[in-house]
Amino acid sequence: MASSARWNHVWVGSETGILKGVNLRRRQATNYVAASALRRDEGVCAMCWGDPSESEILVGCLDRSVKLFSTEKGKFTESRQCLGGEGSFCGLAVHDSSIITCVESGLLKVWRDAENVETQVGAGVCCMRQNPAQPQCVGTGGKENALKVWDLHQPEEPIFRAKNVRNDWLNLQVPVWERDLQFLPGSEKIVTCTGHHQVRLYDPSSPQRRPVLEATYGEYPLTALSLTPAADSVVVGSSHGDMAVIDLRQGRLVKCLKGFAGSVRSVQCHPTLPLVASCGLDRFLRVHNIEDKRLVHKVYLKSRLNCLLLTSRERWEDEEPEPAAPQADVKEEEDELWDGMETVATKTVLKRNMDPHVRETQLGKRPKKQKRTSAGP
Amino acid sequence: MCGLGSMASGAAGSAAGPGDAARAPDQALFPPGFSVSEIKNKQRRHFMFVRWKQQQRKDKLANKKKRKKEREALGDKAPPKPVPKTIENQRVYDETTVDPNDEEVAFDESTDEFAPYFNRQTVPKILITTSDRPRGRTVRFCEQLSTIIPNSHVYYRRGLALKRIIPQCISRDFTDLIVINEDRKIPNGLVLSHLPDGPTAHFRMSSVRLRKEIKRKGKAPTEHQPEVILNNFTTRLGHSIGRMFASLFPHDPQFIGRQVATFHNQRDYIFFRFHRYIFRSEKKVGIQELGPRFTLKLRSLQKGTFDSKFGEYEWIHKHREMDTSRRKFHL
């Protein structure tokens, strides 16, 4: 039986080490780690989809273990230690069925079965992201560590190394602090946001290594960004609980999204729908509509939230087909009469009657599953 | 003149607005919706308004009397008195209200930054300082605060940056840092930072009364460790703030001192009072205030130690967005 975990819209990783699945249509949040097995050193610090069909989630924890969560089964299936370097994970990606990890001290590692590829990308890394168009390319950036793009087939030298902007009017060096980055689809451009409240656009295809566009927003560090579905603007979140949409063609502020109480830790836009999900230290998951700036959903998730994954499912309303009436009944009906029409009719009736009951049984079963997951790793 | 006056009186008397009950019905000549404020003669308008006001009061008292009589007539069977509506009991439901049985929140709280204090691994040691060049009232307030909080030390700021003070505090095993800010000799802000790794809360402080300014105060407080009362910290944010205040005071109060420090939260304002109590008999308790007293309002809660520029905020009071309802409270 397929688990209902597959139908969750948003997956959120918390500081207390809990992976939460949120079904926004049903307004239901489920913890996929048993409350008895919680440990703060297993706090989630990075997450990514394990495969393009979004049936697996890779969860990077504070204690350097990477766990594989299967949304089909609704539990953790594998766990492996990814040691080396220092600090917590600042990025996680998958390429050729091998995991790519990057830690704060700057060790970028590809975990292959035969041999691991290791690269030093420089200290103080804050973010590592994969290019969705070219999965062998990753970008890194951090504090006093300018943006670099690496090709994992030639990990010796970066294929693009950004240059810092010109010195300021006092002829002083401008500090570098890339907090988050993302590749623009359809071009080689990269957009980054910095701890000094700038949004920068780099273009590796042009001869200019300095940013081709710079915009500033607010006066507090920008912590997360995500491209909008049209890829012509970017949603940025700040440590002060401000979120805004910034146009990438002119570098102008388009609109602000409201409703935050604390720092935004992670932002993700839906690839097609005009929706943006964000989570942060104020323990709320919020889903805004980008077009009319409306707050569509607001879910309290009880812990400080570090990262989130939004499903790319097109049909948001897709719902778990209600588990059909118990199979034994169906068989009996089949035995009694072979009239397809009538069985369908009775089934539907049964479904409606069963509806609340079915949900109850599911809810009742959940703790059992959780126990199993806790026993697994 | 006279005719005009009588007309005006008739007009007001027939008014369907506030003045209708005051007049005899035979003068009702004016359209409904007419109110006293439409009378153009100021003297007349004032006169009519006073009369209307008196009538209102009379009606109210009569109603009250009537209700009381009915209640007396019913005796024991009288329906319970309706509870008055206040902003607090009409409060908008806050989904972050902490359920004591919630395992997840319990885990979160048992492993947060205050856990070492609540597990009795650390003993509170507090540094109290001020903004640069404090003036009289602020200095005296700091002194009085240090008599309330056991094991607290007042230091002169000496123009040092907070970011430079904090590592020194950590190396000297201080567990909390209190900074009193002042504006024109009046203390108006309080930064409370838990050490070694946060969080930092920033409060606005108002209504500071020093010991000298409190009437009917008791004798100066003794050295005993006071008891702590934390009232109405119900939401998740309130719990964090409450734990922060609790961790200022040592465990195991000395009940022989009979002193209580109270942090009372009402409508997001935190009232601090310091009392001495005495049990006069089995039923009667006497209290006297020892002072100082002040009121705090939370402005922000920041993760980590003080870093106003690059720090990450857990909660900020954004009054334009959050103060949309008078019945919404955050603590």
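Residues numbered from 1 in each chain as written. Chains lettered and ligands numbered in written order. Predicted model: local features only at pLDDT ≥ 70, side-chain atom pairs only at ≥ 80, totals over all residues. Heavy atoms only, no water.

Asks: Can you walk me through the pairing of strand E10 (residues 293-303) of chain B in this structure?
Replies: The side chains of a regular strand alternate between the sheet's two faces. Residues and elements named next belong to chain B. The buried count for E10 comes to eight of eleven residues, which makes it a mostly enclosed element. As defined by bridge partners, strand E5 (residues 200-209) adjoins E10 across eight bridges and the pair is classed as antiparallel. Note on E10: the bridge partner recorded for alanine 201 is leucine 301. Alignment of strand E8 (residues 269-279) against E10, held across four bridges, turns out to be antiparallel. Bridge pairing links phenylalanine 272 to phenylalanine 294 in E10. Pairing geometry for E10 and strand E11 (residues 312-316), over four bridges, is antiparallel. The residue of E11 that forms the bridge with serine 300 is isoleucine 316. (Buried < 20%, exposed > 50% of the residue type's maximum accessible area, 1.4 Å probe, protein only. Helix = DSSP H or I, 4+ residues; strand = E, 2+ residues; numbered from the N terminus. Pairing = 2+ DSSP bridges.)

Asks: I keep staring at the pairing of strand E4 (residues 186-194) of chain B and nothing clicks. Help me out?
Replies: Residues and elements named next belong to chain B. Within E4, seven of the nine residues are buried, which leaves the element mostly enclosed by the surrounding structure. As paired elements, strand E3 (residues 176-183) and E4 share eight bridges and run antiparallel to each other. Residue leucine 177 lies in a different strand from E4, and its bridge partner there is serine 193. Where E4 lies against E5, five bridges are found, and the strand directions are antiparallel. Directly across from leucine 192, in E5, lies its bridge partner alanine 201. Linking two consecutive strands that pair antiparallel, namely E4 and E5, is a turn of five residues; a positive phi of about 75 degrees is found at glycine 198 within it.

Asks: Please explain the pattern of salt bridges as it appears in this structure.
Replies: When the charged atoms of two side chains lie near each other, side chains of opposite charge can form a pair. Counted under the stated rule, the structure contains 34 salt bridges over all chains. For A:Asp41, the salt bridge goes to A:Arg39, with nearest N and O atoms at 3.1 Å. For A:Asp41, a relative accessible area of 36% puts it in the partly exposed group. Look at A:Arg39 and you get partly exposed, because its relative accessible area is 39%. With a closest N to O distance of 3.9 Å, B:Asp183 and B:Arg184 form a salt bridge. (Salt bridge = Lys/Arg side-chain N within 4 Å of Asp/Glu carboxyl O.)

Asks: Is there a simple way to think about the environment of B:Gln302 in this case?
Replies: Residues and elements named next belong to chain B. Mapped onto the elements, glutamine 302 comes out in strand E10. Owing to a relative accessible area of 4%, glutamine 302 belongs among the buried residues under this scheme. Distance in space between the C-alpha atoms of glutamine 302 and serine 193 is 9.1 Å, their sequence separation being 109 residues. When residues no more than four places from it in sequence are discounted, the contact partners of glutamine 302 are Pro199, Thr200, Asp307, Ser308, Gly311, Glu312, Tyr313 and Glu314. A distance of 3.0 Å separates the side chain of glutamine 302 from the backbone oxygen of threonine 305, its partner in a polar contact. (Contact = heavy atoms within 4.5 Å. Polar contact = N/O pair within 3.5 Å; in protein donor to acceptor, adjacent residues only side chain to side chain.)

Asks: Would you mind going over the confidence of the model for chain A with me for this structure?
Replies: Low pLDDT marks stretches whose predicted atomic positions should not be read closely. All names here are of chain A. When pLDDT is averaged across chain A, the result is 83; 83% of the residues are at 70 or more. Mean pLDDT values over the elements of chain A span from 44, in helix H2 (residues 340-375), up to 95, in strand E22 (residues 243-247). The low-confidence segment residues 323-330, where pLDDT is below 50, has five contacts with residues more than four positions distant or belonging to other chains. The low-confidence segment residues 343-377, where pLDDT is below 50, has 29 contacts with residues more than four positions distant or belonging to other chains. (pLDDT = per-residue confidence, 0-100.)

Asks: Whenever I open this one, the sheet that holds strand E26 (residues 284-289) of chain A confuses me. Can you help?
Replies: Picture the strands of a sheet paired through backbone hydrogen bonds; they go either parallel or antiparallel. Residue and element names in this part refer to chain A. Strand order in the open sheet formed by four strands is E24-E25-E26-E27, and the pairing between neighbours is antiparallel. A single partner strand is all that each edge strand has here, and the edge strands are strand E24 (264-269) and strand E27 (295-300). Neighbouring strand axes in the sheet, compared pairwise and without regard to direction, differ in orientation by 15 degrees on average. As paired elements, E26 and E27 share five bridges and run antiparallel to each other. Looking at E27, one finds that histidine 288 is bridged to leucine 295. (Axes fitted to C-alpha atoms, helices over the stretch in contact; angles between N-to-C directions.)

Asks: For this particular structure, what's the right way to read unusual backbone geometry?
Replies: With the exception of glycine, most residues fall at negative phi, and the peptide bonds are largely trans. Going from B:Leu195 to B:Pro196, the amide bond is cis rather than trans, its omega being 5 degrees. Within the secondary structure, B:Pro196 is located in the loop between E4 and E5. At the junction of B:Gly198 and B:Pro199, the peptide bond is cis and its omega measures out at -5 degrees in the coordinates. Following the sequence through the fold, B:Pro199 ends up in the loop between E4 and E5. One non-glycine residue, A:Arg27, adopts positive backbone phi at about 55 degrees. Inspection of the secondary structure puts A:Arg27 in the loop between strand E2 (19-23) and strand E3 (28-31). Given a relative accessible area of 68%, A:Arg27 falls into the exposed group. The backbone of A:Lys293 shows a phi angle near 65 degrees, a positive value even though the residue is not glycine. With respect to the helices and strands, the residue A:Lys293 is situated in the loop between E26 and E27.

Asks: What is the right way to look at the interface of chain B and chain A in this model?
Replies: The parts lose accessible area when they come together, and the size of an interface is often stated as this lost area. Chain B puts 25 residues into the contact, and the matching count from chain A is 36 residues. Summed over both partners, the interface of chain B with chain A buries about 2,500 Å², with 49% contributed by carbon and sulfur atoms. At the boundary of chain B and chain A, one finds ten salt bridges. Of the charged contacts in the structure, one is a salt bridge between A:Arg40 and B:Asp108, with a shortest N-O distance of 2.5 Å. On the surface where chain B and chain A come into contact, there are 19 residue pairs in polar contact (both at pLDDT 80 or more). Of all the elements in the fold, those that place two or more residues in the side of chain B that touches chain A are helix H3 (103-110), E11 and helix H8 (319-322) of chain B. (Buried area = accessible area lost by both parts, 1.4 Å probe.)

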